[in-house]
Amino acid sequence: MATPWIAPSILSADFARLGEEVDAVIRAGADLVHFDVMDNHYVPNLTIGPLVCEALHRHGIKAPIDAHLMVRPVDRIVPDFARAGATYITFHPEATEHIDRTIELIREHGCRPGLAFNPATPLDYLDYTLEKLDLVLIMSVNPGFGGQRFISSALGKLEQVRRRIQASGRDVRLEIDGGVKIDNIQAIARAGADTFVAGSAIFGSPDYAATIRAMREHIARG
Ligand code: DX5
Ligand code: ZN
């Protein structure tokens, strides 16, 4: 399996000191910066957009930015995130009229496309898309807020997606998002995830490096 990546969700960072917070999690060993974009339309919350992504990029963030778009429609904003320096752009199939077109659009703009599955979204959406994706995101909470409880049916879903990725023979990251903590990350890794989003578990802890280290240790136990 691919090297595990830890992706702190900046949704739980101190927004008044965002640049410093991102520097701190990178220093603490994070692999990518999970950037949650919410529009108060597709999800009932409102967060940050391409301007903030660009500001972080200019601030000197070298780690890849993992833009998780919880917005509808998606296509209008994709080029803006590409320009703002996003590496991955992940969207929800329910949030676009034409899923294949959105995937192509992300690719054309030089970014890596990801598709996100809400807890009740079936995996059928992978039937004609997996061959074009670089990332599959399994939501283990309903999107919109940090600090929610992990929904355990996500584990079975991860196992299914892992099998499909293996069968495809392609290099696709399998990301879990929502309620990831030190004490459940081992089971999540065992179910097949290789990319772990954690917001409150990291930013809510007193020592980001210790938390990320503990997460890696639990993942490695297998
Ligand atoms: C929820 C977001 C998550 C969230 C994770 O809609 O996509 O990235 O911030 O936060 P925690 O780790 O606190 O569940
Ligand atoms: Zn997210």
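Everything that follows concerns the structure shown earlier in this document.
Described in the following lines is the structure provided in the data block. (Residues numbered from 1 in each chain as written. Chains lettered and ligands numbered in written order. Predicted model: local features only at pLDDT ≥ 70, side-chain atom pairs only at ≥ 80, totals over all residues. Heavy atoms only, no water.)

1. What about the pattern of salt bridges?
Tallying each qualifying case throughout the model produces 14 salt bridges. For the salt bridge of D80 with R76, the shortest nitrogen-to-oxygen distance reads 3.3 Å. Residue D80 is classed as buried on the basis of its relative accessible area of 18%. On the basis of relative accessibility, which here comes to 56%, the residue R76 falls in the exposed class. (Salt bridge = Lys/Arg side-chain N within 4 Å of Asp/Glu carboxyl O. Buried < 20%, exposed > 50% of the residue type's maximum accessible area, 1.4 Å probe, protein only.)

2. A closer look at unusual backbone geometry
Glycine aside, negative phi is the norm for most residues, and most peptide bonds take the trans geometry. With an omega of -5°, the peptide bond running from R72 to P73 counts as cis. Relative to the helices and strands, P73 is located in the loop between β3 (65-70) and α3 (78-83). Positive phi is not limited to glycine here, since N40 has a value of about 55°. Looking at the secondary structure, you find N40 in the loop between β2 (33-38) and α2 (50-59). (Helix = DSSP H or I, 4+ residues; strand = E, 2+ residues; numbered from the N terminus.)

3. Notes on the nonpolar core
Membership of the largest hydrophobic core comes to 70 residues, with the highest contact counts inside it found for I10, F35, F81, V136, I138, I176 and F196. Excluding its chain neighbours within four sequence positions, the residues that come into contact with F196 are P4, W5, I6, A7, I176, I185, I188, A189 and I219. One finds L32, Y88, L137 and V141 within the second-largest nonpolar core, a separate group that totals 9 residues. (Core = buried A, V, L, I, M, F, W, Y, C linked by side-chain atoms within 4.5 Å. Contact = heavy atoms within 4.5 Å.)

4. A word on the coordination of the zinc ion (ligand 2)
Donor atoms from the polypeptide that bind the zinc ion (ligand 2) are H34 (NE2), D36 (OD), H68 (ND1) and D177 (OD), placed at 2.1 to 2.2 Å. Each of the 6 donor atoms bound to the zinc ion (ligand 2) contributes to angles spanning 69 to 171°, and the resulting shape is octahedral. Between the donor residues of the zinc ion (ligand 2), the gaps in sequence give the motif H-x1-D-x31-H-x108-D. Residue H68 is located in strand β3, and its partner D177 is located in strand β7 (residues 173-177); the two are separated by 109 residues in the primary sequence. (Donors = N, O, S within 2.8 Å, 3.2 Å for Na, K, Ca; no water. Tetrahedral: all angles 85-135°; square planar, octahedral: opposite > 155°, others 65-115°.)

5. Quick notes on the packing of helix α1 (residues 18-27) against α2
One can describe the packing of α1 onto α2 by two numbers: an axis separation of 10 Å at closest approach and a directional angle of 60°. When the axis of α1 is compared with that of α2, the two are oblique. As for the relative orientation of α1 and α2, their crossing is right-handed in sense. In this structure, α1 uses L18, G19, E20, V22 and D23 to contact α2, whose residues at the interface are V52, L56 and H59. Of the residues assigned to the contact of α1 with α2, the class counts are 4 nonpolar, 2 polar and 2 charged. (Axes fitted to C-alpha atoms, helices over the stretch in contact; angles between N-to-C directions. Parallel < 35°, antiparallel > 145°, perpendicular 65-115°, else oblique. Left-handed = near helix turned anticlockwise from the far one by under 90°. Nonpolar A, V, L, I, M, F, W, Y, C, P; charged D, E, K, R; others polar.)

6. Topic: helix α4 (residues 99-108)
All of the buried residues in α4 are I99, T102, I103, L105 and I106. Considered in projection along α4, the buried side chains sweep an arc of 160° and stay on one side of the axis. Opposite the buried face of α4, by more than 90 degrees, sit the exposed residues R101 and E108. Contacts made by the buried residues of α4 are with α3, β4 (88-91) and β5 (112-117). (Arc of directions from axis to C-beta.)

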